[in-house]
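Listed below are the residues making up each chain.
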Amino acid sequence: MDVYERLNQSFPGGNAVNVAVYFVRMGGEASYVGPVGDDKYGRQLVEALKAKKVDVSHVRTLPGETSVTKVDLVNGERILGDFSPGVLADYKMTDEEIGFLCGHDIVHAGVWGMVDGDLWRIKQHGGAPVAFDFSTELDNPMIDQIAQYVDYAFFAYDQEDERIRDFMKQLHAKGPKMVIVTLGANGSIVYDGSGFIRHGIVPVDVVDTMGAGDSFIAGFLKEILEKKPIDECMHMGASNSSVTLTYMGAW
């Protein structure tokens, strides 16, 4: 849950949760696999996902607290505060859950989802391609540990420069088919091994940036699954993101 304490508001959220909701918003089908606590936030999250037509058949309710991220909002820009993992801290996917995931066209996870140690199991199972959001964590040791198991590696950065271009090339050599970096108001850039592809934004009046990057990921992946050219994938990501920027909360 994303909790805006200063505004006394809370919204369902989280990287993989958001991507599932946005994917369905665009006309696709999605499931969420993960734990919630047996508290009010857990109930709120599950009911909200059901309302958004996301499959929650593999959401596990565990004794304890649902994961919470404290959020502040400054001039429309979301500022992330403390993260309390709650029941997510000890989460481990079962073989049945891995099999369920592998029945999908693509699996998406993120750096805070505590499932990086399970990605090899998806590949070993001969399962779906894996997309992974590393957020702004360009120096996280996790990158080297799981790069070989990731097909689409997503990052967030401020602007295109030599550092990010070199980083994208080096990471691509470790396994991913594509390295995708969102650059906020500066658009996005993709490296696919043969060169860089760039795309701008869809301008809107920004209310809250929460979920904008996750919206881009959902739009990009939907077009990937439909075998569209990379620039069309980037455009769908930007378009989907522009919708999310115009209201409070992730969804």
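You'll find the structure just up there.
Residues numbered from 1 in each chain as written. Predicted model: local features only at pLDDT ≥ 70, side-chain atom pairs only at ≥ 80, totals over all residues. Heavy atoms only, no water.

K.L.:
Please set out the overall build of the protein chain residue by residue, giving values where relevant.
P.N.:
For the protein chain, the count of helices and strands is 8 helices and 12 strands. Its C-alpha atoms give the protein chain a radius of gyration of 17 Å, near enough to 18 Å, the size a compact globule of 251 residues would have. For the protein chain, the spread of C-alpha atoms along the three principal axes comes to 50 × 45 × 35 Å. Out of the 251 residues belonging to the protein chain, those deemed buried represent 51%. In the protein chain, the proportion of contacts linking residues at least 24 apart, taken out of those at least 6 apart, comes to 62%. (Helix = DSSP H or I, 4+ residues; strand = E, 2+ residues; numbered from the N terminus. Rg over C-alpha atoms; globule rule 2.2 N^0.38 Å. Buried < 20%, exposed > 50% of the residue type's maximum accessible area, 1.4 Å probe, protein only. Contact = heavy atoms within 4.5 Å.)

K.L.:
An account of helix 2 (residues 40-51) is requested, with residue identities and associated values reported.
P.N.:
Given a rise of 1.5 Å per residue, 12 residues ought to cover 16 Å, and the 16 Å separating the end C-alpha atoms of helix 2 matches this to within 8%. The positive-phi residue at the C-terminal boundary of helix 2 is Lys 53, with phi of around 70°. (Expected span 1.5 Å × (residues − 1).)

K.L.:
Kindly report on the sheet that holds strand 11 (residues 188-191), identifying the contributing residues and their values.
P.N.:
The sheet built from 6 strands is open, its strands ordered 7-8-9-10-11-12 with mixed pairing. A single partner strand is all that each edge strand has here, and the edge strands are strand 7 (107-110) and strand 12 (196-199). Mean inter-strand twist for the sheet, computed between neighbouring axes without regard to direction, equals 15°. Two elements, strand 7 and strand 8 (residues 130-133), share 4 bridges in a ladder whose sense is parallel. Bridge pairing in strand 8 links His 108 to Ala 131. Lying on the sheet, helix 6 (residues 162-172) is in contact with strand 9 (152-156), strand 10 (178-182), strand 11 and strand 12; it crosses strand 10 at an angle near 150°. Across the sheet, helix 7 (residues 212-225) touches strand 7, strand 8, strand 9, strand 10 and strand 11, and the angle it forms with strand 9 is around 155°. (Pairing = 2+ DSSP bridges. Axes fitted to C-alpha atoms, helices over the stretch in contact; angles between N-to-C directions.)

K.L.:
Summarise the environment of Gly 81; cite the residues concerned and give the values.
P.N.:
In this structure, Gly 81 sits in strand 6 (residues 77-84). The spacing of Gly 81 and Tyr 4 is 77 residues in sequence and 9.8 Å in space, taken between C-alpha atoms.

K.L.:
Mind laying out the packing of aromatic side chains, listing which residues take part and the relevant values?
P.N.:
Geometrically, a pair of aromatic rings is defined through the distance of the ring centres and the angle of the planes. Per the counting criterion, the structure on display carries 7 aromatic pairs. Aromatic side chains Tyr 4 and Phe 11 sit 5.4 Å apart centroid to centroid with 85° between the ring planes, which places their arrangement in the edge-to-face category. Using a relative accessible area of 17% as the deciding quantity, one classes Phe 11 as buried. Taken together, a centroid distance of 4.7 Å and an interplanar angle of 50° make the contact between Phe 132 and Phe 134 tilted. Residue Phe 132 is classed as buried on the basis of its relative accessible area of 0%. Under the relative-accessibility criterion, Phe 134 is labelled buried at 1%. Joined through ring pairs, the aromatic side chains of Phe 132, Phe 134, Phe 155 and Phe 167 make up one cluster. (Phe/Tyr/Trp six-rings, centres within 6.5 Å; stacked < 30°, edge-to-face > 60°.)

K.L.:
Account for the side chain of Asn 240, naming residues and giving values.
P.N.:
Counting through the fold element by element, Asn 240 comes out in helix 8 (residues 230-244). By relative accessible area, Asn 240 is classed as buried at 5%.

K.L.:
Which residues make up the pairing of strand 7, and what values go with them?
P.N.:
The two faces of a sheet get side chains in turn, since along a regular strand they alternate between them. On strand 7, burial covers both faces: Val 107 and Ala 109 on one face and His 108 and Gly 110 on the other are all buried. Following the chain from strand 7 across helix 4 (residues 119-124) to the adjacent parallel strand 8, one finds a crossover that is right-handed. (Right-handed = clockwise from strand over helix to strand, strands pointing away.)

K.L.:
So what's going on with unusual backbone geometry? Residues and values would help.
P.N.:
Peptide bonds are trans in most cases, and residues, glycine excluded, mostly fall at negative phi. A positive phi angle is found at Ser 135, which is not glycine, with a value near 55°. By the secondary structure assignment, Ser 135 is in the loop between strand 8 and helix 5 (142-146). Backbone geometry places Lys 227, a non-glycine residue, at a positive phi of 60°.

K.L.:
Tell me about the pattern of salt bridges, residues and numbers included.
P.N.:
Opposite charge on two side chains lets them pair, provided their charged atoms get close. Applying the stated criterion to the full structure yields 14 salt bridges. Note that Asp 118 and Lys 92 form a salt bridge whose closest N and O atoms lie 3.0 Å from each other. Linking Asp 118 in the loop between strand 7 and helix 4 with Lys 92 in the loop between strand 6 and helix 3 (95-102), this pair joins segments that are 26 residues apart in sequence. Note on Asp 118: relative accessible area 2%, which makes it buried. For Asp 118, the salt bridge identified is with Arg 121, shortest N-O distance 2.9 Å. Of the two residues, Asp 118 and Arg 121, both sit in the buried class. Each member of the salt-bridge network shares a partner with another, and the members are Lys 92, Asp 95, Asp 118 and Arg 121. (Salt bridge = Lys/Arg side-chain N within 4 Å of Asp/Glu carboxyl O.)

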